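Residue-level structural notes
Chain by chain, the residues:
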Amino acid sequence: METHMIFETHAHYDDEAFEADREELLDSMQENGIDRIVNACASLESLKDTEALMEKYPFVYGAFGIHPDDADKMTEETLEEIRKLCKLPKAVAVGEIGLDYYWHKEEHEHEIQKKMFRAQMEIAREAQMPFMIHSRDAAKDTFDIMKEHRAEEIGGVIHCFSYGRDMAREFLNLGFYLGIGGVLTFGNAKKLKEVVEYAPLDRLVLETDCPYLAPVPNRGKRNS
Ligand code: NI
């Protein structure tokens, strides 16, 4: 049998959706062809939880950072904790960090998100580690901040890429990769299908974003 091992670049196995069967699931990954997993932090608690998963499972690596949803909960101590975690041997990226104007529409929320995005980009630069960027309904601000921080010198992934071909070209020109997952199978993913046809195959990375974004026909169910 020919085997193709899969490198899952973006998962959230620390999520409470996996509380009941996390161990069972992770123990079955390798026999199911999943060779490596990057667990991406999102909430404040996920920093510790991702560290624990990384220590327990040899094939789990960590991306350390705080999602824009929780930017308002971050303090100087949080930034210090991320800085420390990035020094661990199996830390591979800073993420997921960025801007989400879809769920957060207030100007003062955007200001906090931008501040924490910039602060975490600085941590990535110090650690010489790629970014894992979450950007939703915030293409221009994301791109402007990336340019301002010379993100092209560091590189990384635009996680769950959700913009059109023109924005894809801009991010690809900065040397970034596009994270592609279950959304591609959705009936309303016309724009994303165009992007995937347009982008060079070696600039796309596979991700589940589990427990979210299960592909059709399991849309809406827990992803794993
Ligand atoms: Ni994610």
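Rules and cut-offs
Residues numbered from 1 in each chain as written. Predicted model: local features only at pLDDT ≥ 70, side-chain atom pairs only at ≥ 80, totals over all residues. Heavy atoms only, no water. Helix = DSSP H or I, 4+ residues; strand = E, 2+ residues; numbered from the N terminus. Buried < 20%, exposed > 50% of the residue type's maximum accessible area, 1.4 Å probe, protein only. Salt bridge = Lys/Arg side-chain N within 4 Å of Asp/Glu carboxyl O. Core = buried A, V, L, I, M, F, W, Y, C linked by side-chain atoms within 4.5 Å. Contact = heavy atoms within 4.5 Å. Axes fitted to C-alpha atoms, helices over the stretch in contact; angles between N-to-C directions. Parallel < 35°, antiparallel > 145°, perpendicular 65-115°, else oblique. Left-handed = near helix turned anticlockwise from the far one by under 90°. Nonpolar A, V, L, I, M, F, W, Y, C, P; charged D, E, K, R; others polar. Arc of directions from axis to C-beta. Polar contact = N/O pair within 3.5 Å; in protein donor to acceptor, adjacent residues only side chain to side chain. Disulfide = S-S within 2.5 Å. Donors = N, O, S within 2.8 Å, 3.2 Å for Na, K, Ca; no water.

1. Brief notes about unusual backbone geometry
Between Cys210 and the following residue, Pro211, the backbone shows a cis peptide bond with an omega angle of 15 degrees. For Pro211, the position within the fold is in the segment after strand E8 (204-206). Residue Pro217 is bonded to the preceding Val216 through a cis peptide linkage, with omega at 10 degrees. With respect to the helices, strands and loops of the structure, Pro217 is situated in the segment after E8. Despite not being glycine, Arg150 has its phi angle at roughly 45 degrees, a positive value. Positionally, Arg150 belongs in the loop between helix H5 (139-148) and strand E6 (156-159). The exposure class assigned to Arg150 is partly exposed, which follows from its relative accessible area of 40%. Non-glycine residue Leu213 carries a positive phi angle of around 55 degrees. On the secondary structure map, Leu213 appears in the segment after E8.

2. Digging into the pattern of salt bridges
Counted under the stated rule, the structure contains 16 salt bridges. Put simply, Arg169 and Asp166 hold a salt bridge, and the shortest N to O gap is 3.4 Å. Taken as a pair, Arg169 and Asp166 lie in helix H6 (residues 165-173) at a separation of 3 residues, close to a single helical turn. Among the charged side chains, a salt-bridge network with shared partners connects Glu80, Arg83 and Glu126.

3. Some words on the nonpolar core
In terms of nonpolar packing, the biggest core is built from 48 residues, with Phe64, Phe131, Met146, Phe161, Phe171, Phe176 and Leu178 touching the most fellow members. It is helix H4 (residues 107-127) that contributes the most residues to this core, 5 residues altogether. Ignoring sequence-local partners within four residues, the contact set of Phe64 consists of Cys41, Leu47, Thr50, Glu51, Met54, Ile82, Leu85, Cys86, Ala91, Ala93, Val94 and Gly95. Core analysis: the next-biggest nonpolar cluster, separate from the first, contains 13 residues, Ala11, Leu25, Ile37 and Phe59 among them.

4. Section: the packing of helix H2 (residues 45-56) against helix H3 (residues 76-85)
In the contact formed by H2 and H3, the axes pass within 10 Å of each other and the chain directions differ by 15 degrees. Considered as vectors, H2 and H3 are oriented roughly parallel to each other. When the axes of H2 and H3 are compared, the crossing they make is left-handed. When H2 is examined against H3, the residues Leu47, Lys48 and Glu51 are found in contact with a partner set consisting of Thr78, Glu81, Ile82 and Leu85. Here the contact of H2 with H3 is built from residues that sort into 3 nonpolar, 1 polar and 3 charged.

5. Let's talk about H3
Taken as a whole, H3 has its buried residues at Thr78, Leu79, Ile82 and Leu85. Buried residues in H3, looked at end-on, bunch into an arc of 125 degrees, giving them a common side. For H3, the exposed residues set more than 90 degrees away from the buried face come down to Glu76, Glu77 and Lys84. Here the buried face of H3 lies against H2, strand E4 (91-100) and H4. Near the N-terminus of H3, the side chain that reaches the backbone nitrogen of Glu77, with its oxygen 3.2 Å away, is that of Thr75.

6. What to know about the state of the cysteines
Counted under the stated rule, the structure contains 0 disulfides. Free cysteine Cys41: the closest other cysteine sulfur is in Cys86, separated by 8.9 Å. The class for Cys86 is buried, based on a relative accessible area of 5%.

7. What about the coordination of the nickel ion?
Protein-derived coordination of the nickel ion comes from His10 (NE2), His12 (NE2), Glu96 (OE) and Asp209 (OD), at a distance range of 2.0 to 2.2 Å. Of note, the nickel ion draws all its donor residues from one chain, in the sequence arrangement H-x1-H-x83-E-x112-D. Taken together, the positions of His10 in strand E1 (residues 6-11) and Asp209 in the segment after E8 put the pair 199 residues apart, joining distant regions of the chain. A relative accessible area of 10% places Asp209 in the buried class.

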